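The residues making up each chain are set out below.
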Amino acid sequence: MTEWKNIMLISPDDVKAQGELNYNVDDTVIGASIRVSQNVYLRDVIGDDLLGKLQELVWNSIQGADDAIDDEENIAYKTLLDDYIQPVLAYKVSSEICARITLKIRNMGVVKNSDTNVNQVSLQDIIYLKQTNDTLFNDALNRMVKFICDNNEAFPESEFVCGCGKHPLFGNTGLYLG
């Protein structure tokens, strides 16, 4: 049974509550950004097994089944989800959604919506906002990875090789080194 594989680890309302996105942003657009942020960016850092375990625990909680995220024996997973993964996802969704809500693919090509009562910002401003959110995302990733490494025994699904105070670090420098 794999219904749990479609579970989002943060809701559109939780992303909006972080303060970056206005409450009038369509939940389906936010949901699409959550899926990309979770299934591409988060999965790349924590791996398939740990992501799957978290999704399964949340699914079990929704279904009222045993081995749920709220069970006392899963406190480390609950802490990881609430205190570390949800901020990571909120920042990445805010970053990912910048292009998604600015540009639309239509029959006539890629278009930018406009309104007489709204002032559009420049592409440079959009890129600046995206980079700012990416920096916050990377900071939240570093905190999350440190938590996983500090509590590595609680996460047997973790793919990190932690030890000697070393763990992967993430940063957003804006430098192209290639």
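Predicted model only: the values in this text are computed from it and were never measured.

### Some words on the packing of aromatic side chains
Remark: the centre distance and the inter-plane angle together describe each pair of aromatic rings, the angle taken between the planes. Summed over the entire model, instances satisfying the criterion amount to 4 aromatic pairs. Considering the side-chain rings of Tyr84 and Phe147, the 4.5 Å spacing of their centres and the 20° angle between planes classify their relative orientation as stacked. With Tyr84 in helix 3 (residues 75-102) and Phe147 in helix 4 (residues 123-150), the pair connects residues that are 63 residues apart, well separated along the chain. Residue class for Phe147 comes out buried when judged on its relative accessible area of 14%. Ring pairs connect the aromatic residues Tyr77, Tyr84, Phe147 and Phe155, which therefore count as one cluster.

### A closer look at the pairing of strand 1 (residues 103-106)
The pairing of strand 1 with strand 2 (residues 109-112) spans 4 bridges and is classified as antiparallel. Bridged to Lys104 within strand 2 is Val111. Hairpin connection of strand 1 to strand 2: 2 residues between the antiparallel strands.

### Quick notes on the packing of helix 2 (residues 27-63) against helix 4
Helix-helix packing: each pair is described by the crossing angle between the helix axes and the interaxial distance. At a minimum axis distance of 10 Å, the contact between helix 2 and helix 4 shows a crossing angle of 25°. The orientation of helix 2 relative to helix 4 falls into the category roughly parallel. In the packing of helix 2 onto helix 4, the handedness of the crossing is left-handed. Of the residues in helix 4, those in contact with Tyr41, Leu42, Val45, Ile46 and Leu50 of helix 2 are Phe137, Leu141, Met144, Val145 and Ile148. In terms of residue class, the contact of helix 2 with helix 4 is built from 10 nonpolar, no polar and no charged.

Definitions and limits used
- Residues numbered from 1 in each chain as written.
- Predicted model: local features only at pLDDT ≥ 70, side-chain atom pairs only at ≥ 80, totals over all residues.
- Heavy atoms only, no water.
- Phe/Tyr/Trp six-rings, centres within 6.5 Å; stacked < 30°, edge-to-face > 60°.
- Helix = DSSP H or I, 4+ residues; strand = E, 2+ residues; numbered from the N terminus.
- Buried < 20%, exposed > 50% of the residue type's maximum accessible area, 1.4 Å probe, protein only.
- Pairing = 2+ DSSP bridges.
- Axes fitted to C-alpha atoms, helices over the stretch in contact; angles between N-to-C directions.
- Parallel < 35°, antiparallel > 145°, perpendicular 65-115°, else oblique.
- Left-handed = near helix turned anticlockwise from the far one by under 90°.
- Contact = heavy atoms within 4.5 Å.
- Nonpolar A, V, L, I, M, F, W, Y, C, P; charged D, E, K, R; others polar.

Without other data, these values stay purely geometric and don't point to any function.
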